[in-house]
Amino acid sequence: MALEHALLVALSERPASGLELTRRFEKSLGFFWHATHQQIYRVLGRMEADGWVGVEVVEQDGRPDKRVHTPSAEGRRVLAEWLATPMPMETFRSELAVKLRGASYGDRAALAAHLRDARADHATRLAQYEQMEREQFPEPAALEGAALDQWLVLRGGIGLERFWIDWITDYLTAHDLEVVEERPA
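Residues numbered from 1 in each chain as written. Predicted model: local features only at pLDDT ≥ 70, side-chain atom pairs only at ≥ 80, totals over all residues. Heavy atoms only, no water.

Per an unreviewed UniProt entry, the protein carries the name PadR family transcriptional regulator and comes from Nocardioides pinisoli.

Here you go:
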């Protein structure tokens, strides 16, 4: 997947300026596909040059004009083509997995400290996702279309965070290492 596709999805959900898109990206798609604001602006410029997005210039009082991007017919065609393309099986590439496998050859106690930190980070992210779910999707059974898709992706993120927490907990427990039960409030 290219950043272009993630941006086309975000702009299909709601047209946005570069700044608005960057902020939205940080709160949603950015959890699954990382991009800096510089990358987003650079790619938006390329997408405009390629005819994938149209731009409406909106005047603002006391501030520079805002450029609101919307997928063009060509952008919608590119997105539909990409969505219809078969994808390879997701691969699991994890530094954590390699460290767990190699822990017998190093300082397991030092690794355990990092594992507890990682577990706490995943617990924090899980709490964020669960809060987002409560606030944004209070009635999942009533969802359809794009909202249903957004909720299902969020559910996938919740499942992934639970996976990481469970895996790290299993490792620490199996080696009789302390598991610190820190759950964000």
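Draft legend 1. Examining the side chain of S94 more closely. For S94, the position within the fold is in the loop between α4 (73–84) and α5 (95–102). Here L96 takes part through its backbone nitrogen, which lies 3.2 Å from a polar atom of the side chain of S94. (Helix = DSSP H or I, 4+ residues; strand = E, 2+ residues; numbered from the N terminus. Polar contact = N/O pair within 3.5 Å; in protein donor to acceptor, adjacent residues only side chain to side chain.)

Draft legend 2. Structural view of the packing of aromatic side chains. One pass over the full model with this rule turns up three aromatic pairs. Members of the aromatic cluster, joined through ring pairs, are F163, W164 and W167. (Phe/Tyr/Trp six-rings, centres within 6.5 Å; stacked < 30°, edge-to-face > 60°.)

Draft legend 3. Seen up close, the UniProt feature "domain: Transcription regulator PadR C-terminal" (unreviewed entry) in the protein. Per the UniProt record, "domain: Transcription regulator PadR C-terminal" (unreviewed entry) is found at residues 93–174. Here residues 93–174 runs as 82% helix and 0% strand, with 23 Å between its end C-alpha atoms. (UniProt positions renumbered as here; feature names shortened; annotations may be inferred.)

Draft legend 4. View of the UniProt feature "domain: Transcription regulator PadR N-terminal" (unreviewed entry) in the protein. Those places that UniProt annotates as "domain: Transcription regulator PadR N-terminal" (unreviewed entry) correspond, in this numbering, to residues 7–81. Along residues 7–81 the backbone is 52% helical and 23% strand, and the end-to-end C-alpha distance reaches 15 Å.

Draft legend 5. View of a nonpolar patch on the surface. A cluster of nonpolar side chains, namely F92, L160 and F163, defines an oily patch on the protein surface of about 300 Å² accessible area. Checked against the element boundaries, F163 lands in helix α7 (residues 145–174). (Patch = residues over 30% accessible without salt bridge, like charges linked within 9 Å, V, L, I, M, F, W, Y side chains within 5 Å. Areas by Shrake-Rupley, 256 points an atom, 1.4 Å probe, with all protein chains shown as cover. Salt bridge = Lys/Arg side-chain N within 4 Å of Asp/Glu carboxyl O.)

Draft legend 6. Up close: the packing of helix α2 (residues 18–27) against helix α3 (residues 37–49). It is the contact of α2 with α3, at a shortest axis distance of 10 Å, that shows an interaxial angle of 130°. Taken together, the axes of α2 and α3 are oblique relative to one another. Considering the relative orientation of α2 and α3, their crossing is right-handed. Where α2 abuts α3, its residues G18, L19, L21, T22 and F25 lie against H37, I40, Y41 and L44. Among the residues forming the contact of α2 with α3, the class breakdown is six nonpolar, three polar and no charged. (Axes fitted to C-alpha atoms, helices over the stretch in contact; angles between N-to-C directions. Parallel < 35°, antiparallel > 145°, perpendicular 65-115°, else oblique. Left-handed = near helix turned anticlockwise from the far one by under 90°. Contact = heavy atoms within 4.5 Å. Nonpolar A, V, L, I, M, F, W, Y, C, P; charged D, E, K, R; others polar.)

Draft legend 7. Summary view of α7. Its 30 residues give α7 an end-to-end C-alpha distance of 43 Å, which sits within 8% of 44 Å, the value for a rise of 1.5 Å per residue. Looking at α7, one finds that the buried residues are W151, L154, G157, I158, E161, W164, I165, I168, T169, Y171 and L172. Of the surrounding secondary structure, the elements contacted by the buried residues of α7 are α5 and α6 (108–136). A positive backbone phi angle near 55° is found at D176, which sits one or two residues after α7. (Expected span 1.5 Å × (residues − 1). Buried < 20%, exposed > 50% of the residue type's maximum accessible area, 1.4 Å probe, protein only.)

Draft legend 8. Quick peek at the nonpolar core. Ranked by internal contacts, the top residues of the largest apolar core, which has 18 residues, are L3, L7, L8, L21, F25, I40 and M47. Of all the secondary-structure elements, those providing two or more residues to this core are α1 (3–13), α2, α3 and α4. Among the elements that line this core, the one with the most residues is α1, at six residues. What L3 contacts, discounting residues up to four positions off in sequence, is F25, W33, A35, Q39, I40 and V43. (Core = buried A, V, L, I, M, F, W, Y, C linked by side-chain atoms within 4.5 Å.)

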